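Single-letter residue listing:
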Amino acid sequence: KLKQQHGVIDGTALQKTQEKLQQATDSIDTAFVKTRTIEKRLRAAVEAGDAAAAAEFAKKFSSKLDKVAKVGTIHPNRAANKKSQADKLLNSLAK
């Protein structure tokens, strides 16, 4: 018999599956939070006028956006728009 307590179904296989799913969800959410942190650092580097740091953060930012869009945390179009904004920031440094 399986009993449901606090949203978790007792039973070894089901319980392990639910725990793995929760860990995967947490990992994806953490990746999106890291994306926002990188974006803040990118904007700070642009404001400070540090082109080398800004270019490095833009590369990391683009990669993270692709990853979170791939798993469905954000829509791919939103990721593309964010990458475009980052490119515009970098181009504003070049002027």
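Residues numbered from 1 in each chain as written. Predicted model: local features only at pLDDT ≥ 70, side-chain atom pairs only at ≥ 80, totals over all residues. Heavy atoms only, no water.

J.: In this structure, what is going on with the packing of helix H2 (residues 51-71) against helix H3 (residues 76-94)? I would like to understand it.
T.: Two measures define how a pair of helices packs: the angle their axes make with one another and the distance between the axes. Packing of H2 against H3 brings their axes to within 9 Å, and their N-to-C directions diverge by 175 degrees. One finds that H2 runs roughly antiparallel with respect to H3. Contacts between H2 and H3 involve Ala51, Ala54, Ala55, Ala58, Phe61, Ser62, Leu65, Asp66 and Ala69 from the former and Pro76, Ala79, Lys82, Lys83, Ala86, Leu90 and Leu93 from the latter. Partitioning the contact of H2 with H3 into residue classes produces twelve nonpolar, one polar and three charged. (Axes fitted to C-alpha atoms, helices over the stretch in contact; angles between N-to-C directions. Helix = DSSP H or I, 4+ residues; strand = E, 2+ residues; numbered from the N terminus. Parallel < 35°, antiparallel > 145°, perpendicular 65-115°, else oblique. Contact = heavy atoms within 4.5 Å. Nonpolar A, V, L, I, M, F, W, Y, C, P; charged D, E, K, R; others polar.)

J.: Sorry, what's going on with H3 here?
T.: Along an α-helix, a turn takes 3.6 residues, which lines up residues three or four apart on a common side. The first and last C-alpha atoms of H3 sit 27 Å apart over 19 residues, in line with the 27 Å expected at 1.5 Å per residue. Among all positions of H3, only Ala79, Ala86 and Leu89 are buried. Axial view of H3: buried residues confined to an arc of 80 degrees, hence all on one face. Exposed residues pointing more than 90 degrees away from the buried face of H3 are listed as Asn77, Lys88 and Ala94. Buried residues belonging to H3 abut helix H1 (12-48) and H2. (Expected span 1.5 Å × (residues − 1). Buried < 20%, exposed > 50% of the residue type's maximum accessible area, 1.4 Å probe, protein only. Arc of directions from axis to C-beta.)

J.: Is there a simple way to think about the environment of Lys34 in this case?
T.: Its place among the elements puts Lys34 in helix H1. For the pair formed by Lys34 and Leu65, sequence separation is 31 residues and the distance between their alpha carbons is 9.9 Å.

J.: Please explain the packing of H1 against H2 as it appears in this structure.
T.: Here H1 crosses H2 at 155 degrees, and the two axes come no closer than 9 Å. With respect to their mutual orientation, H1 and H2 come out roughly antiparallel. Note that H1 runs across H2; the crossing there is left-handed. Only Ala53, Ala54, Phe57, Ala58, Lys60, Phe61, Lys64, Leu65, Val68 and Val71 of H2 make contact with H1, whose side of the interface consists of Ile28, Ala31, Phe32, Lys34, Thr35, Ile38, Glu39, Arg41, Leu42, Ala45 and Val46. For the contact of H1 with H2, the class distribution of residues is 15 nonpolar, one polar and five charged. (Left-handed = near helix turned anticlockwise from the far one by under 90°.)

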